Amino acid sequence: MRSKTILRLAAGTVAAGAATFAYASLVERNMFTLRRFDVPVLAPDAEPLRILHISDLHMTPDQHRKQRWVAELAGTDPDLVIVTGDNMAHVDSVPGVVRALTPLLDRPGAFVFGSNDYRGPVFKNPLGYFSKRKPYVQGAVLPAEELRDMFTGSGWADLNNARTTIKAGGRTIELVGVDDPHIDRDDYDAVAGPAAADVDVRIGLTHSPEPRILDRMADDGFDLLLAGHTHGGQVALPFYGALVTNCGLDRSMAKGLHRWPYSEAYLHVSAGLGTHPTAPIRFACPPEASILTLIPR
C-alpha cells in the first residue's frame, strides 16, 4: 500500500512538473505584456512625456508573432523610443528586428547594445546563473554593424559609450549610455560629467544594470536610468520574485520601476520580450515592453 502511495506521489510530481514546463514554454513566454509606469522627474507644470522602453528581443527569424506585437506598439504613440540591447539571437535576426521596429523608426529614438548583439547564444547550464564567477562563453558572430547602421540610418542615437542631446515631444533631453558592462565593453569615463542643467530631462542607458554604472550615472545627475538584461529573472516564484538577475543588481530590482538608492534617480529595468533560445521558458515573469510617462515631480 505504501509503495503505491509513493508511486502516485512520484507520478503526480512528474505530471505537475511537465504541466509547469509546458505552460512556461508554450504559454507564458508568448504572453507579451505592456507595462505602464508614471515617473515623476519633470519640472512642475511640465506636460507629460511618453517613452517606450523595449529590451531583450532575442529575435530569431521565425518569431513572427513577437514581430507583429512589437510593430503594433507604434499605436501607443510614444514621444521617444529607447532600446536597451540584446536584439538578436541568430545570425539571420536583422530582418526580423527590422520588421518589428520599422513602425517605430520614424520616432525619435536611442539605443545601446547587449552581449547578444555581438555574439550569438550557446547552450548554458541553468544552474550556472547562480554562480558569480561563471565564464562568459561566446557564440557565433552576429551582424551588429548591420543592426547599428539600421538604427543610426533611421536617425536614432547610438549611445554605446556616447552622450548626446536630442529633441523629442517638444522637449530637450540629454542622453548618456554605455556599451554592455556584462562583457566589459563599457567606458563610462569617456562620457562622465555632470548632467546638463538647461535640459528638460536627463536619461542614462545601459544594457546590464550594473550598480557601478548606475551609481555613476545617478551621481552625475541623470534623472532616469534604463536597463534590461535581467529578463526579470525569467523564472520567478510567487511571493518571492526573481531567483537571479545575472548581474550585480539586487534581485528585488530585477524588473520594474525603483528609486535608485541614495540618489534622486529612478531606475527602470525591463524584463524584456525574449528568452535565451536554449531556455525558452518564462514563469511568473511574462515578456514585456513598457510605457514610461514622465510627469512633474
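Provided above is the structure to which this section pertains.
Described in the following lines is the structure provided in the data block. (Residues numbered from 1 in each chain as written. Predicted model: local features only at pLDDT ≥ 70, side-chain atom pairs only at ≥ 80, totals over all residues. Heavy atoms only, no water.)

A closer look at the packing of aromatic side chains
Piece 1. Overall, the coordinates contain five aromatic pairs when judged by the stated rule.
Piece 2. Judged by centre distance (5.7 Å) and plane angle (35°), the rings of phenylalanine 32 and tryptophan 69 are tilted. Of this pair, phenylalanine 32 sits in the loop between helix H1 (2–27) and strand S1 (33–42) while tryptophan 69 sits in helix H2 (residues 64–71); the two residues are 37 residues apart in sequence, bridging distant segments of the chain.
Piece 3. Residue classification places tryptophan 69 among the buried positions, given a relative accessible area of 18%.
Piece 4. Taken together, the ring pairs connect Phe111, Phe113, Tyr118, Phe151 and Trp156 into an aromatic cluster.
Piece 5. Cation over ring: arginine 185 sits above tyrosine 118, and NZ or CZ is 3.7 Å from the ring centre. (Phe/Tyr/Trp six-rings, centres within 6.5 Å; stacked < 30°, edge-to-face > 60°. Helix = DSSP H or I, 4+ residues; strand = E, 2+ residues; numbered from the N terminus. Buried < 20%, exposed > 50% of the residue type's maximum accessible area, 1.4 Å probe, protein only. Lys NZ or Arg CZ within 6 Å of the ring centre and 35° of its normal.)

Re the sheet that holds strand S4 (residues 109–111)
Piece 1. Strand order across the open sheet formed by six strands is S1-S14-S2-S3-S4-S5, with mixed pairing between neighbours. Looking at the sheet topology across the chains shown, the edges are occupied by S1 and strand S5 (157–158).
Piece 2. As paired strands, S4 and S5 are joined by two bridges and run parallel to one another. Bridging across to S5, phenylalanine 111 finds its partner in aspartate 158. (Pairing = 2+ DSSP bridges.)

As for the sheet that holds strand S7 (residues 171–177)
Piece 1. Strand order across the open sheet formed by six strands is S6-S7-S8-S9-S13-S12, with mixed pairing between neighbours. Edge strands, defined here as strands with exactly one partner in the open sheet, are strand S6 (162–168) and strand S12 (256–259). Averaged over all neighbouring strand pairs, the angle between strand axes comes to 25°, with direction disregarded.
Piece 2. Pairing analysis gives four bridges linking strand S9 (residues 224–227) to strand S13 (residues 266–269), with the strands arranged parallel. From the neighbouring strand, leucine 224 faces S13, where its bridge partner is tyrosine 266. (Axes fitted to C-alpha atoms, helices over the stretch in contact; angles between N-to-C directions.)

Observations concerning the environment of asparagine 161
Piece 1. Positionally, asparagine 161 belongs in the loop between S5 and S6.
Piece 2. Taking the relative accessible area as the measure of exposure, asparagine 161 reaches 24% and is therefore partly exposed.
Piece 3. Note: C-alpha distance between asparagine 161 and aspartate 187 (26 residues apart in sequence) is 5.8 Å.
Piece 4. When near neighbours in sequence (up to four residues on either side) are disregarded, asparagine 161 contacts Gly177, Val178, Asp179, Arg185, Asp186, Asp187 and Val191.
Piece 5. Within the structure, the side chain of asparagine 161 is placed 3.2 Å from the backbone nitrogen of aspartate 179, a separation counted as a polar contact.
Piece 6. In this structure the side chain of asparagine 161 is engaged in a polar contact, spanning 2.9 Å, whose partner is the backbone oxygen of arginine 185. (Contact = heavy atoms within 4.5 Å. Polar contact = N/O pair within 3.5 Å; in protein donor to acceptor, adjacent residues only side chain to side chain.)

Structural notes on the pattern of salt bridges
Piece 1. Summed over all chains, the structure comprises 13 salt bridges.
Piece 2. Of the charged contacts, one joins glutamate 288 and arginine 35 as a salt bridge, the two residues approaching to 3.0 Å between their closest N and O atoms. In this pair, glutamate 288 is assigned in strand S14 (residues 288–296) and arginine 35 in strand S1, connecting sequence segments 253 residues apart.
Piece 3. Residue classification places arginine 35 among the partly exposed residues on the basis of a relative accessible area of 26%.
Piece 4. One continuous salt-bridge network, built from bridges that share partners, spans Asp77, Asp106 and Arg107. (Salt bridge = Lys/Arg side-chain N within 4 Å of Asp/Glu carboxyl O.)

A look at the nonpolar core
Piece 1. Core analysis: the largest hydrophobic core is formed by 30 residues, its most contacted members being Leu52, Ile54, Val70, Val97, Leu147, Phe151 and Leu273.
Piece 2. If you list the elements that add at least two residues to this core, you get strand S2 (49–54), H2, strand S3 (80–83), helix H3 (94–101), helix H4 (144–153) and S14.
Piece 3. Discounting residues that sit within four places of it in the chain, isoleucine 54 has contacts with Val70, Leu73, Ile82, Val83, Thr84, Leu101, Leu104, Leu273 and Ala289.
Piece 4. Grouped together as the second largest cluster of nonpolar side chains are 24 residues, Ala110, Ile166, Val201 and Ile203 included. (Core = buried A, V, L, I, M, F, W, Y, C linked by side-chain atoms within 4.5 Å.)

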